[in-house]
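What follows is each chain in one-letter form.
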Protein chains: 2
Amino acid sequence: MAEMQPSYAAVDWGTSSFRLWLVDRDGRVVAERRSDEGMVAAGKIGFAAVLESHLGALGAPADLPVAVCGMAGARQGWKEAGYVYTPAPLGAILQGAIRIPDLGRDVSILPGVAQRNRGAPDVIRGEETQLLGALGEAPKDDALVCMPGTHSKWVSVSGGRIERFRTFMTGELFDAIRRHTILSHAVAGADAARDAASFRSAVQDVHERPALATNRLFQARAGSLLFNDPPTTARECISGTLIGLELAGGLSDRTSSSEVILIASGPLADLYGSALAALSVPHKMIDADGAALSGLSLAARRFWAR
Amino acid sequence: MAEMQPSYAAVDWGTSSFRLWLVDRDGRVVAERRSDEGMVAAGKIGFAAVLESHLGALGAPADLPVAVCGMAGARQGWKEAGYVYTPAPLGAILQGAIRIPDLGRDVSILPGVAQRNRGAPDVIRGEETQLLGALGEAPKDDALVCMPGTHSKWVSVSGGRIERFRTFMTGELFDAIRRHTILSHAVAGADAARDAASFRSAVQDVHERPALATNRLFQARAGSLLFNDPPTTARECISGTLIGLELAGGLSDRTSSSEVILIASGPLADLYGSALAALSVPHKMIDADGAALSGLSLAARRFWAR
């Protein structure tokens, strides 16, 4: 059927994940693929080969254009897409796209965003496209946007521009701490069920006294030794401490006029949503997967009038 | 010569290190041994065998008594020496010692200190003996004592009692972060030379805004990407951030009457000394190795009137 014909492909290419959507001219997703052929794996296999194998598996036309965001545009990726520098209008992300030369199809990669500030250097690659998808090219309202993950990003948007942003290493620290420190003993055997009270208490404590963060972490061990606290409690203590510390830092950039927007999916949406609720911070939630696709679609429509 | 005869042995037995001194009746060290047969290794070889092999190598008499502190007294150690609970007079540490039964010689292990407080559970094992050695059994002045390490300890002493204390996971986080996160790339190849300005700047920034600690850590990567900062700068950024965060937390317990005392040796004495200087915090420095020996000697004189 003609309506099922894809108009473009959208690819979110992370460090360790690959996600592709085929989208028709009405903006409907007609097919979708996920794999773990992220930048690291694709660097060995070849980026073009990975992309073509997924497009081929879906029977995509040979001339279907592809909009890409994420680590494929890093220096160690397919081809460096550089950075847009803050402060930057959101629309500048579209203008900074680069095209992979000498391919049978048009593959365009969106740039990252960099804060080239000696006092607060920072970089984003991938989340800028979620931001574009969630807010559009020219948002009128001020916003403070939180995009949680391995490296959480907090972006201050004002007058349609990315004014500044901060990366917090929350997710990566959580992994390093529970795997490679003495707290690994305290969390061993933790089950999937949540301990919401312990999580909330850690979030609130650390938000109030962020300087005690690494002391609060050690309580996961001391509680286990002195009170036989179960491993699930220890895990929630670590998770709540790191997220509480991030929120204390991220929310310090909030102005009276800015709405707090959380762009997240799955378990992170739950965790950060309940952490913000524990601090009584009103916020709007936007699905991260949908935001990435929206941002790529916005780029595709602009690049190829589709 | 009669003066060279040891009166007792003192052993500081950590998780991964073993240190033994033979001391004569005038308090002089007549022999010394170090090895990596800490609790973990000794747990396999046998604690008695490790101790006797070192004493034998020094020709120590078969009835020489031995005062021990540290992880040998942990539940996973030689024999559990339990805890003294806060608030506790410093002298209570001596009263809580246990004796290993059925040995040819008197081997006594000092207990740890625990804060059995649901809101702030915490444990110390080993540093309490340094504290005793540095301050004596009945210190008159109030003090806030910092003992940096894998798990740094900050102890509030008032009226001769350990009122409360906090553990900060600074050293262990430093290792986990530089080995097991993306910052490992930024620090690869760092040399031994210091970059005092980067360290000081991180200490001051994080002391002022502790909520931004994990954002400040990420600047080690962003500075490397955007400004080609060398690996030594990245390492100092990480080290200064974690120590600055600890100081912000530890110093929050300071009262107007309490002197800040730093008990440290070697590179940690330099790092923490310069971090406190960067914050213009006056402090007294006491050598940690000497403090552990002093504490064990105080115990030996009390136990055996030697």
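Values in this document were obtained by computation on a predicted structure and should not be read as measured data. (Residues numbered from 1 in each chain as written. Chains lettered and ligands numbered in written order. Predicted model: local features only at pLDDT ≥ 70, side-chain atom pairs only at ≥ 80, totals over all residues. Heavy atoms only, no water.)

> Before we move on, could you go through the pairing of strand β13 (residues 161–168) of chain A and cite the residues and values that matter?
Residues and elements named next belong to chain A. Where strand β6 (residues 88–89) and β13 come together, two bridges link them in antiparallel fashion. In the strand pairing of β13, Pro 89 is matched with Arg 161. Relative to β13, strand β12 (residues 152–158) runs antiparallel, the two sharing seven bridges. Paired with Trp 154 across the strands is Arg 166, a residue of β13. Hairpin connection from β12 to β13: two residues lie between these consecutive antiparallel strands, with Gly 159 at a positive phi of about 55°. (Pairing = 2+ DSSP bridges. Helix = DSSP H or I, 4+ residues; strand = E, 2+ residues; numbered from the N terminus.)

> I'd like a description of the sheet that holds strand β14 (residues 259–264) of chain B, backed by residues and values.
Residue and element names in this part refer to chain B. Strand order across the open sheet formed by six strands is β6-β13-β12-β11-β14-β15, with mixed pairing between neighbours. Of all strands in the sheet, those with a lone pairing partner are β6 (88–89) and β15 (284–287), marking the two edges. In the sheet, strand β11 (residues 143–147) pairs with β14 via four bridges, with the strands oriented parallel. Looking at the pairing, Cys 146 lines up with Leu 262 of β14. Where helix α4 (residues 127–135) meets the sheet, it contacts β11, β12 (152–158), β13 (161–168), β14 and β15, and its direction lies at approximately 130° from that of β11. (Contact = heavy atoms within 4.5 Å. Axes fitted to C-alpha atoms, helices over the stretch in contact; angles between N-to-C directions.)

> So what's going on with the side chain of Thr241(A)? Which residues, and what values?
Residues and elements named next belong to chain A. With respect to the helices, strands and loops of the structure, Thr 241 is situated in helix α9 (residues 231–250). Residue Thr 241 is classed as buried on the basis of its relative accessible area, which comes to 1%. In this structure the side chain of Thr 241 is engaged in a polar contact, spanning 2.7 Å, whose partner is the backbone oxygen of Cys 237. Dropping the residues within four chain positions of it, Thr 241 is found in contact with Ala 202, Val 206, Ala 213, Arg 216 and Leu 217. (Buried < 20%, exposed > 50% of the residue type's maximum accessible area, 1.4 Å probe, protein only. Polar contact = N/O pair within 3.5 Å; in protein donor to acceptor, adjacent residues only side chain to side chain.)

> Give a detailed account of the environment of Asp102(B), specifying residues and quantitative values.
With respect to the element layout, Asp102(B) can be found in the loop between β7 (98–99) and β8 (107–109). In this structure the C-alpha to C-alpha distance between Asp102(B) and Ala220(B), which are 118 residues apart in sequence, comes to 55 Å.

> So what's going on with the sheet that holds strand β9 (residues 112–115) of chain A? Which residues, and what values?
Residues and elements named next belong to chain A. Judged by pairing direction, the sheet is mixed, and its three strands sit side by side in the order β5-β9-β10 without closing on themselves. Looking along the sheet, the strands with just one partner apiece sit at the ends: β5 (83–85) and β10 (122–124). Pairs of neighbouring strands in the sheet enclose a mean axial angle of 25°, with direction left out of account. Here β5 pairs with β9 via three bridges, running parallel. Considered in β9, the bridge of Tyr 83 is made with Gly 112.

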